[in-house]
Amino acid sequence: MSREQMLTWYGLVVGVVAWMWLFTLPAAPVAPILVILFAAMAFAVDLLAFRTPPADVHSLAPLVLITASLTLGPVNAAWLAAIEGVVSGVVILLLTNRPRTSFSLFGRPLLRSGLRTLGILVSAWPVGALGNQPLTEQNLTPLFLSTLFGFPLITQTGRMLRELLQGGRSGLATWWRSAWPAILGAEIAPLPLAWLGATIARQLELIHLTLAGLALVASAAILRRSSLNLQRQRRSVRELARLNEVSRAIIRSELDVEALCELIYREASRIVDTSSFHLGLFHGNHYTLMVRIQDRVRLPRLTVDLSENSGLIGWIQETGRAILVEDFVREMDRLPARPRYQSERPPRSGIYVPLIAGEMVIGSISVQSYEPGAFDANDLRLISLIADQAAVAIARARAFHEARQRANQLQAIREVSQQITAILNLDQLLPSVVRLIRERFGYHPVHIFTLSPDDERIYFRASTADGADLERIRALSLRIGQGLVGEAAQRGEPVLVSDVINDRRAIRDTWQTRSELAVPLRVGSTVIGVLDVQSDEPDDFDEDDLFVIRTLADQIAIAIESANAYTAQQEEAWTLNALLQIAENVGRVTTLPDLLATVVRLPPLLLGCPRCYIALWDRERNDFVLRAAYGLPRPARAMLIDEPARSPFLFRLRERSITSEQICIETLWQAQDNADQWPALIPAAHSGALIGLPIKVRTTLPGVLVLDYNDPFIALSSRQQSLCIGAAAQIASALESLLLAAEAAEAARLEQELRVAREIQRTLLPTRLPVAPGWQIDAAWQSARLVGGDFYDFWPLSSGDGRYHELGFVIADVSDKGIPAAMFMTMARSLVRAAALDGSAPARAMERANRWLYRDSESGMFVTLFYARLNLETGHLCFTCAGHNPPLVYRAATGHIEELHTPGIALGVIAEATLAEASTTLAPGDVLVCYTDGVTETVNEALVPFDLSGLRAVIKTYHTAPAGAIVQAILAAITRHSHGQPPFDDITLIVIKREQSRLRYVPGSRERR
């Protein structure tokens, strides 16, 4: 039976007993007007009743009823109390809009009328029994005294039974603490005034009784108003005091979440009615009710899942906002979310306040009531103030608890780490790790897997499982991406499954497993293994477990890496020692044959191969040639040394090495079955397997080192591969040093020869420039390399009278550069000079020179030139241009620059070349500038050429200067334009200027003075 039903039955029983007793008693005649007057007074003071928490009603009705008992008699007063109690109970219920329940509609009105009726009758019964008088004829004084004490006793006892049924002992205690001052002050203390009221009704007129009744009603109104004001004042003071006490209590509280929740409930009970009180905390999608009070009865802790239907609590968690509900029935459609009730009797009003710490909602407080309008905005404000302080305290307690728990976990992790980091043998390390994890943290089973860097497989290494479970795990063949362990290895992130039965990824290595946590072992961004823990309970791993396992995984990864590093260091020390021996042996040799002989002896000593060969690349043969061998029979050695290998195996190694920046090791297994890969060697050496190491020097491959094993399926370990790569690098360095030394010696010899050639070439150029009255002649020659292909020459020509009135000169440019051009230039200079010395016309002389060049040259080279004869007396210039840059003539008279060109091709291209001839006259002040293309084709860093425009500008600027100054100005302009860029081609200049009388050189000026 519910409490609501119990209360209803209690009210019905009390009411029925009282009414049945009334029906058995005779009523004395009385004036109706008095009955009406007393009924009106009782109803009025009931309407003016006031409430005290937790919502009990107090009025002056006991005073009116006792006065009526003394005036009208106990039976009439009892009828009045019975009827007025039912009517006022129903009317007040309708006026206050309280919940329409069976107790409020039937039980409470009958209980009110029954208790008052029983209070009057029971109080009057001892007086009649002792005096042998009926209830209708009792003495006034004994009746007054009996009723004065009996009526409050009966009614208040009935109230206590009601509270006991409604809220139990805790509810009764709560009610008594809040109600006894109002009961004593408003209901019991005024009762002696009933004697005065009865005296007025008996001895004075009706008008006096009416005035007394009005005074009583006014007093009830004043009492109601004063009570409400006093309640407000007391509530304000009490609120401040209690808030202060709450704050101090929370501050002084221990850092324990459960104790804090209890403290908050106790302190909230001092502010509002906490008959129905909930305090819950959020844990992800779960909400745990830490304090759960329903109808003043404590219920056990409850955890609900908010993921599907979060309700009003979920809305508070999302928004962090408080809400006041005055009536769920009227406001249900306007609420932001519908509440999730955990009771068959839903509340009518409530306060819902979030617990906010920082920016996070960590929980909520809810206070509910079965009456509408039980809470107001002030209650919401007070609970919110408590919630703010409570949230900070709970967050602090949570943080302290987590910190203490985390400290304990870290201490255990540190102890485990200290033990595992002291083990450097990997085969001992991993079993010790899983054993320590089980002992210190209780996880079982615990597995460790490692990854192979060479394939996609995952290898089982250690476990706490035993028996059939261990054998089943050992038999698992896992790959990256397969199962929970494979997924953790692939993603590099932990994988947590709450129930493996519902997860398709899980591989059931033990049938008892329900939840599983797989965490990768990572070193940097590299996954080297997986730590896997399992449990036979679903949802057995939480965030704390994830933290512990991840931290342990990091420590285990470091320990594994340390063990691997220790092993690698031992192997590396051995490898370095071997490489040091190789370096010492290779460093002693000074010649290539000694180096090759030393190289083929070292691998058999260090790597255990019975035979070793070295082959160098021969450019002329376009093949590898075996230069040294160790372990070969003498006949096979004599047959193979210094012979082309003709080996597809070596060619494949060469192609791979040239296209790759790394040293590529090429392996030929089962060499006897693949003899076509080196036909001359494999049958003769009875090779089992060949391992080729490229000897790589920068981007070239001068040779290969070949290890020959008897085992057809030989596989080198990582240490042996490192040694092979290091040996190949050492050999390549030594080979490069020898080759560079040979190249340096050859380069030094060639440079010396080039210097001699340059000096010889300089001697072929004119050592002195011609000197003629009225003429200024200057020239310059700069080769792009040590030797060049440009040349110039001067020679005097006889006019027949034995005097030299003409000057022949030539400027030429050979088609190539360097040594070939220098040699061709020597021949061309001699032939041109020989063709011109007989005084022939320029065109005829150069045509003859062309035939000689074409006949004597088989290199395909040619030469461009400008050849002219200058009459030193008249300034007449006769010339021919064989494909050369047209010379420039500055005309002093006009200030213009002309180009001297004739049709013709370069000499040495065809056997019979026809050249044109032209003539001009150099007037006083004119300047003739002859040049090769190295002048105009000089470029700067932006590849912009000096060009003909630059040369013209210099000539115009310096035309008044002497010929030597003009040459230096042109060279300086070329240097400035190039900005330090190396010369593109040979540079050659000839400047001839006819002097002008009274001409004084002023740089940059054209004035004649």
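Use the structure listed above.
Just so it is clear, the structure is predicted and the values come from calculations on it, not from any experiment.

About the cut-offs
Residues numbered from 1 in each chain as written. Predicted model: local features only at pLDDT ≥ 70, side-chain atom pairs only at ≥ 80, totals over all residues. Heavy atoms only, no water. Pairing = 2+ DSSP bridges. Helix = DSSP H or I, 4+ residues; strand = E, 2+ residues; numbered from the N terminus. Axes fitted to C-alpha atoms, helices over the stretch in contact; angles between N-to-C directions. Contact = heavy atoms within 4.5 Å. Patch = residues over 30% accessible without salt bridge, like charges linked within 9 Å, V, L, I, M, F, W, Y side chains within 5 Å. Areas by Shrake-Rupley, 256 points an atom, 1.4 Å probe, with all protein chains shown as cover. Salt bridge = Lys/Arg side-chain N within 4 Å of Asp/Glu carboxyl O. Expected span 1.5 Å × (residues − 1). Buried < 20%, exposed > 50% of the residue type's maximum accessible area, 1.4 Å probe, protein only. Parallel < 35°, antiparallel > 145°, perpendicular 65-115°, else oblique. Left-handed = near helix turned anticlockwise from the far one by under 90°. Nonpolar A, V, L, I, M, F, W, Y, C, P; charged D, E, K, R; others polar. Polar contact = N/O pair within 3.5 Å; in protein donor to acceptor, adjacent residues only side chain to side chain.

A. Quick look at the sheet that holds strand 23 (residues 806–814). In spatial order, the strands read 22-23-24-25-28; together these 5 strands make up an open sheet with antiparallel pairing. Because the sheet does not close on itself, it has two edges, and the strands there are strand 22 (790–797) and strand 28 (918–921). Recorded for the sheet is a direction-independent mean angle of 20 degrees between the axes of neighbouring strands. As paired strands, strand 25 (residues 876–882) and strand 28 are joined by 4 bridges and run antiparallel to one another. From the neighbouring strand, Leu-877 faces strand 28, where its bridge partner is Thr-920. Its contacts with the sheet place helix 23 (residues 842–856) against strand 24 (863–871) and strand 25, and it is angled at close to 150 degrees to strand 24.

B. Region of interest: a nonpolar patch on the surface. Together, Met-160, Trp-176, Trp-180, Leu-184 and Ile-188 line one region of the surface with nonpolar side chains, adding up to about 450 Å² of accessible area. Along the chain, the position of Met-160 falls in helix 6 (residues 140–188).

C. Spotlight on the sheet that holds strand 14 (residues 515–523). Read from one edge of the open sheet, 6 strands run 12-11-10-15-14-13, paired in antiparallel fashion. Both outer strands of the open sheet, strand 12 (478–479) and strand 13 (495–497), are each paired with one neighbouring strand and no more. Taken together, the 5 bridges between strand 10 (residues 446–451) and strand 15 (residues 526–535) define a ladder with antiparallel strand orientation. Residue His-447 lies in a different strand from strand 15, and its bridge partner there is Asp-532. The strands that helix 13 (residues 426–441) touches are strand 10, strand 11 (457–463) and strand 15; relative to strand 11, the one it contacts most, it runs at about 65 degrees.

D. Summary view of helix 26 (residues 963–978). Helix length check: helix 26, at 16 residues, gives a terminal C-alpha distance of 23 Å against a target of 22 Å (1.5 Å per residue), a fit within 8%. Buried within helix 26 we find Ala-963, Ile-966, Val-967, Ala-969, Ile-970, Leu-971, Ala-973, Ile-974, His-977 and Ser-978. Positive phi shows up at His-979, right after helix 26, with a value of about 50 degrees.

E. Examining the packing of helix 1 (residues 3–23) against helix 6 more closely. At a minimum axis distance of 9 Å, the contact between helix 1 and helix 6 shows a crossing angle of 165 degrees. As the angle between them shows, helix 1 and helix 6 are arranged roughly antiparallel. For helix 1 against helix 6, the interelement crossing comes out right-handed. For the pair helix 1 and helix 6, contact is made by Arg-3, Met-6, Leu-7 and Tyr-10 and by Gly-158, Leu-161, Arg-162, Leu-164, Leu-165, Gln-166, Gly-167 and Gly-168, respectively. For the contact of helix 1 with helix 6, a count of residues per class yields 6 nonpolar, 4 polar and 2 charged.

F. Representation of the packing of helix 3 (residues 61–72) against helix 6. Contact pair helix 3 / helix 6: the axes reach a minimum separation of 9 Å and the direction vectors enclose 150 degrees. On the basis of the axis angle, helix 3 is roughly antiparallel to helix 6. Helix-helix and strand crossings are classified by hand; for helix 3 and helix 6 the assignment is right-handed. Two secondary-structure elements touch here, helix 3 through Pro-62, Leu-65, Ile-66, Ser-69 and Leu-70 and helix 6 through Leu-140, Leu-143, Phe-144, Thr-147, Phe-151 and Glu-187. The class makeup of the residues in the contact of helix 3 with helix 6 is 8 nonpolar, 2 polar and 1 charged.

G. Examining the environment of Phe-282 more closely. Inspection of the secondary structure assignment puts Phe-282 in strand 3 (residues 276–283). Looking at Phe-282, the relative accessible area reads 5%, which means it is buried. Between the alpha carbons of Phe-282 and Gly-363 there is a distance of 5.2 Å; along the sequence they are 81 residues apart. If near-sequence neighbours (up to four positions away) are discounted, Phe-282 is found in contact with Tyr-287, Leu-306, Ile-313, Gln-317, Val-361, Ile-362, Gly-363, Ser-364 and Arg-398.

H. Layout of the pattern of salt bridges. This structure, assessed with the given rule, holds 29 salt bridges. Note that Glu-493 and Arg-522 form a salt bridge whose closest N and O atoms lie 3.8 Å from each other. Taken as a pair, Glu-493 in the loop between helix 15 (483–491) and strand 13 and Arg-522 in strand 14 lie far apart in primary sequence, 29 residues in all. On the basis of relative accessibility, which here comes to 35%, the residue Glu-493 falls in the partly exposed class. For Arg-522, a relative accessible area of 31% gives the class partly exposed. In this structure, Arg-627 engages Asp-618 in a salt bridge whose closest nitrogen and oxygen atoms are separated by 3.8 Å. In this structure Arg-627 comes out as partly exposed when scored by relative accessible area, which is 33%. Taking the relative accessible area as the measure of exposure, Asp-618 reaches 15% and is therefore buried.

I. Representation of unusual backbone geometry within the structure. Cis geometry is found at the peptide bond from His-444 to Pro-445, where omega equals -5 degrees. Residue position: Pro-445 is located in the loop between helix 13 and strand 10. Backbone geometry places Asn-622, a non-glycine residue, at a positive phi of 55 degrees. Relative to the helices and strands, Asn-622 resides in the loop between strand 16 (611–618) and strand 17 (623–630). The backbone phi angle of Leu-943 is positive, close to 65 degrees, even though this residue is not glycine. Tracing the backbone shows Leu-943 in the loop between helix 24 (933–936) and helix 25 (947–957). Residue classification places Leu-943 among the exposed positions, given a relative accessible area of 66%.

J. Geometry of the side chain of Ser-384. Its location among the elements puts Ser-384 in helix 12 (residues 377–420). Classification of Ser-384 by relative accessible area gives buried; the value is 19%. A polar contact of 2.7 Å, which involves the side chain of Ser-384, links it to the backbone oxygen of Leu-380. Contact partners of Ser-384, with chain neighbours within four places excluded, come to Ala-322 and Val-353.

K. Molecular detail of the pairing of strand 23. Within strand 23, 9 of the 9 residues are buried, leaving the element largely enclosed by the surrounding structure. Pairing between strand 22 and strand 23: 8 bridges, direction antiparallel. Bridging from a neighbouring strand, Asp-790 pairs with Asp-813 of strand 23. Note: strand 23 against strand 24, 9 bridges, orientation antiparallel. If you follow Asp-813 over to strand 24, its bridge partner there is Thr-864.

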